[in-house]
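Here is what each chain is made of, one letter per residue.
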Amino acid sequence: MLLADFIRDGAARLEKLYPSPEARGLVLMLCRELLGVTNYTHVVEPRTAVPEERLPELEAALARLCAGEPIQYVLGVAEFCDRRFVVGPGVLVPRPETELLVAEAVRTLQEMELDRAPRVLDLCTGSGCIAWSIALDIRDAEVIGVDVSETALDYARKQFPQGPSFIQADVLDTEQAFPYGPFDLVVSNPPYVLERERTQMRPNVLDWEPDLALFVPDDDPLRFYRAVARWAQRFLRPGGVGLVEINEALGPETAEVFRAAGFKNVRNLPDFYQKDRFVRFQTPDNQAINN
Ligand code: GLN
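Residues numbered from 1 in each chain as written. Predicted model: local features only at pLDDT ≥ 70, side-chain atom pairs only at ≥ 80, totals over all residues. Heavy atoms only, no water.

Engineer: I'm lost on the packing of helix H2 (residues 20-35) against helix H4 (residues 55-66) in this one. Help?
Structural biologist: Working note: a packed helix pair is described by the angle between its axes plus the distance between those axes. Two elements in contact, H2 and H4, have axes separated by 11 Å at closest approach and are oriented at 145°. Our pair here, H2 against H4, has a crossing hand that is right-handed. Packed against H2, whose contacting residues are Leu26, Val27, Leu30, Leu34 and Leu35, the element H4 presents Glu57, Leu58, Ala61, Leu62 and Leu65 at the interface. Of the residues assigned to the contact of H2 with H4, the class counts are 9 nonpolar, no polar and 1 charged. (Axes fitted to C-alpha atoms, helices over the stretch in contact; angles between N-to-C directions. Helix = DSSP H or I, 4+ residues; strand = E, 2+ residues; numbered from the N terminus. Left-handed = near helix turned anticlockwise from the far one by under 90°. Contact = heavy atoms within 4.5 Å. Nonpolar A, V, L, I, M, F, W, Y, C, P; charged D, E, K, R; others polar.)

Engineer: Mind showing me how you'd approach the nonpolar core here?
Structural biologist: Across soluble globular proteins, you tend to see nonpolar side chains buried next to one another. Ranked by size, the top nonpolar core spans 41 residues in total, and within it Leu121, Val146, Phe178, Phe258, Phe263 and Phe281 carry the most contacts. Broken down by element, the residue count for this core peaks at 8 residues, all from helix H11 (residues 223-235). (Core = buried A, V, L, I, M, F, W, Y, C linked by side-chain atoms within 4.5 Å. Buried < 20%, exposed > 50% of the residue type's maximum accessible area, 1.4 Å probe, protein only.)

Engineer: It is not clear to me how the site of the ligand should be interpreted in this structure. Could you clarify?
Structural biologist: Surrounding the ligand, one finds Arg95, Glu97, Asn189, Pro190, Pro191, Tyr192, Val193, Ala213 and Leu214. In the environment of the ligand, an oxygen atom lies 2.7 Å from a nitrogen or oxygen atom belonging to the side chain of Arg95. Computed on the free molecule, the ligand has an accessible area of 300 Å², of which 87% lies beneath the protein chains in the complex. Placement of the ligand is best described as lying within the largest pocket. (Near = heavy atom within 4 Å. Polar contact = N/O pair within 3.5 Å; in protein donor to acceptor, adjacent residues only side chain to side chain. Areas by Shrake-Rupley, 256 points an atom, 1.4 Å probe, with all protein chains shown as cover. 1 Å grid on protein atoms, 1.4 Å probe; cavity = no way out; pocket = protein on both sides within 12 Å on 5 of 7 lines; lining within 4 Å. Sits in = over half its atoms within 2 Å of the grid points.)

Engineer: Looking at this model, I keep getting lost on the packing of helix H6 (residues 96-112) against helix H7 (residues 129-137). Mind explaining?
Structural biologist: Where H6 meets H7, the axes come as close as 10 Å, and the angle between the chain directions of the two elements is 40°. Helix-helix and strand crossings are classified by hand; for H6 and H7 the assignment is right-handed. Between H6 and H7, the contacting residues are Thr98, Leu101, Val102, Ala105, Val106 and Leu109 on the first element and Ile130, Ser133, Ile134 and Asp137 on the second. Looking at side-chain class alone, the contact of H6 with H7 contains 7 nonpolar, 2 polar and 1 charged residues.

Engineer: I keep staring at the pairing of strand E3 (residues 119-123) and nothing clicks. Help me out?
Structural biologist: Each regular strand displays side chains that alternate between the two surfaces of the sheet. The element E3 is largely enclosed, with a buried count of 5 among its 5 residues. Covered by surrounding structure in E3 are Arg119, Leu121 and Leu123 together with Val120 and Asp122, the residues of both alternating faces. Tracing the backbone out of E3, into H7 and back to the parallel element strand E4 (residues 142-147) gives a crossover that is right-handed. Examined bridge by bridge, E3 and strand E6 (residues 183-188) share 4 bridges and lie parallel to one another. Pairing of Asp122 across the sheet is with Val187, part of E6. (Right-handed = clockwise from strand over helix to strand, strands pointing away. Pairing = 2+ DSSP bridges.)

Engineer: Would you mind going over the environment of Pro252 with me for this structure?
Structural biologist: Within the secondary structure, Pro252 is located in helix H12 (residues 251-260). A sequence separation of 98 residues divides Pro252 from Asp154, and the C-alpha atoms of the two residues are 35 Å apart. In this view, Pro252 contacts Asn268 and Asp276; residues no more than four positions away in its chain are not counted.

Engineer: Could you clarify how one ought to interpret helix H1 (residues 3-14) in this entry?
Structural biologist: The α-helix advances 3.6 residues per turn, and as a result positions three or four apart in sequence lie on the same side. Helix length check: H1 (12 residues) gives 16 Å between terminal C-alpha atoms against 16 Å at 1.5 Å per residue, within 8%. Residues Leu3, Phe6, Ile7, Gly10, Ala11 and Leu14 constitute the buried set of H1. Projection of H1 onto a plane perpendicular to its axis shows the buried side chains occupying an angular sector of 120°, all on one side. Packed against the buried residues of H1 are H2, helix H3 (41-44) and H4. (Expected span 1.5 Å × (residues − 1). Arc of directions from axis to C-beta.)

In structure tokens:
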């Protein structure tokens, strides 16, 4: 089969599920990853064929995409902050906006100009994409990632040879013993999608990605932020900084959780679309908040 035909037919099948440019983009990505061709090989070399013996594998991957499975699960990798992370069922696929959180985290640590290794705590670490990106960008950083899901931690632990430590713990259990502090920076991208927002989400997310990583109850959407605030009260050093990703619809309310918990310089930060996507907060300079 000609590569051009595979791409055209594949895109047509995927258009039942995805807008046309995206459907085509997905098939191109599949061919790039599995065949090592470029996005334009089939245009500049129209006679390029898909090797017969590779067709079953490509067909199987296409069938999974047609069933709505995220391409990152099908390929087993997701790109994040210019690195490739291993992902699959049971772990949230890293999102582009979360790269902004990493950039802000790295900038924050650099501006601290510490004369020792910075210490970072990542709550609800999932695939570990935030923890690893910080650890790999700030070479001597000591990073600890926490998650309740053993499945997620299995992914997190095997991403790269050497980096963060990963610990199994329920972030909502805020008073547990945790003998690893203090930290200079606490980061978190916890679940923040409301149950009632399900209807606006696409099947490739809803049917495939873990509910545990995505959803919070409609009547208590800020529960993870209260928990993160408590962890930060216990383990962030004086002058330390916190950064969390948030639901764009709850910017002021989420910021208020951190103000009420005694943090200073609390502000919302925007994503690519100028929506409130993050909250940044700081422990007062001379005192840890440890009430
Ligand atoms: N931004 C993600 C989404 O909308 C949600 C991530 C999260 O809940 N932390 O799919």
